[in-house]
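# Understanding the architecture of this molecule
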Amino acid sequence: MTGTHGRGIAARPASTDVARLAGVSQKTVSRVMNNEPYVREELRERVLRAAQQLGYRPNGAARSLTSGRNRRLGVISLGTRLYGPMTMLVAIERSARRLGYSVSVAHTTEDDEHSTAEAIDSLLEQGVDGIVLSEAIDEGSPVKVWLDVPILTIGRFPGLVAARRIRSAEKSDRSGYVATRHLIDLGHTEIRHVSGPRQWWASRDRADGWRSALTEADLPVADPVAGDWSCASGYEAGLRLADDEAMTAVFVANDDMAIGLVRALHERGRRVPDDVSVVGMDDIPAARFQQPALTTVAQDFDAVATEGVGLLVEEIANPGSAERVLHEVDPPLLVRESSRRLRVG
């Protein structure tokens, strides 16, 4: 990577370097970066040119303490209308507002390997006091950033290297495990999986949970059928799986795909839940109104956002005073009509 991402912590320019290059005092640099009045225009332009040349970025958190202008968090979220990411984004904004912080949002894309790093740069340039990274995807290479503010990662993101990181605990595969364990407890032994896109860490985690539950029970593990989170891709997966006569249950990585899958199975004469049990993930509002109502693993977006943003704000106020890790429990399973005990004979 280029810019700040390739230099590492030791090489990051300081305000003293800007002052030396511009031929001014460090106090003048501080006044320019804080946009204070009564600085000659010639000096201001000289300082800004030097800062740009060195790639200097002022500490947003420190600037907010001196100027009183910033109580702002930056949020990086995948640019999508999917239920999970959008609901989490709303929950984060509400949690921040309750704590007296405003929010700036930078969206990433699935087809840009530098998307996260560029989003971080954009938010730091706005002087945010902390960053929340939600719904990260694998961009193909580690994201190494010099951050003068803390960062909260919601969900797994093993490619991120940052000094002041608040992270989830190591239970990211539990949703897939809980869903699959439910189907095993109902007597199913041939349990298939419809996954999300491979580059999403959340998709990999849910598949890992499905796989670990089957392995633990000494049951066969077939290759997952990949979808793209949409109802249409779930429908296509259902058409493929309908011909698998051994299959009696499916764990689907989100509810939208599960809804499409149920439709396809119905069209192919595989009744849910009489012939095939189905479990989804997310508990979208439509899940309980489907026919049959969808069994699903819920996500408590509000609880995760409240705790995570709270830890982030604590780290802003008291840097490095304690290791901060999100508390995690098994997600709730909402048993409805789409799953039932396997009929024998």
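Scroll up to find the structure.
Quick caveat, the model's predicted, so the values are computed rather than measured.

What counts, and where the lines are drawn
Residues numbered from 1 in each chain as written. Predicted model: local features only at pLDDT ≥ 70, side-chain atom pairs only at ≥ 80, totals over all residues. Heavy atoms only, no water. Salt bridge = Lys/Arg side-chain N within 4 Å of Asp/Glu carboxyl O. Helix = DSSP H or I, 4+ residues; strand = E, 2+ residues; numbered from the N terminus. Buried < 20%, exposed > 50% of the residue type's maximum accessible area, 1.4 Å probe, protein only. Pairing = 2+ DSSP bridges. Contact = heavy atoms within 4.5 Å. Axes fitted to C-alpha atoms, helices over the stretch in contact; angles between N-to-C directions. Expected span 1.5 Å × (residues − 1). Arc of directions from axis to C-beta.

Scanning all chains against the criterion turns up 17 salt bridges. Across the salt bridge formed by Arg20 and Asp17, the nearest N and O atoms sit 3.1 Å from each other. Here Arg20 pairs with Asp17, and both are found in helix α2 (residues 15-22), just three residues apart, close to one helical turn. Residue classification places Arg20 among the exposed residues on the basis of a relative accessible area of 60%. Its salt-bridge partner being Arg340, residue Asp274 comes within 3.3 Å of it at the nearest N-O pair. Separated by 66 residues along the polypeptide, Asp274 in the loop between α11 (255-267) and β11 (277-282) and Arg340 in the segment after β14 (333-334) bring together distant segments of the chain. Judged by its relative accessible area of 31%, Asp274 is partly exposed.

Strands sit in the order β9-β8-β10-β11-β12-β14 across an open sheet of six strands; the sheet is mixed. Bordering the open sheet on either side are β9 (225-226) and β14, each of which pairs with just one other strand. Alignment of strand β8 (residues 191-195) against β9, held across two bridges, turns out to be parallel. Bridging from a neighbouring strand, Ser195 pairs with Ala226 of β9. Lying on the sheet, helix α9 (residues 201-216) is in contact with β8, β10 (249-252) and β11; it crosses β8 at an angle near 170 degrees. On top of the sheet, α11 reaches β8, β10, β11 and β12 (295-298); it is set at about 160 degrees to β11, its chief contact.

We now examine helix α4 (residues 41-54). Taking 1.5 Å as the rise per residue, α4 with 14 residues should run 20 Å; its terminal C-alpha atoms sit 20 Å apart, in good agreement. Considered for burial, the residues of α4 that qualify are Leu43, Arg44, Val47, Ala50 and Ala51. The buried residues of α4 occupy an angular sector of 135 degrees when the element is viewed end-on, so they sit on one face. Seen from the open side of α4, the exposed residues pointing more than 90 degrees away from its buried face are Arg49, Gln52 and Gln53. At its buried positions, α4 is contacted by α2 and α3 (26-33).

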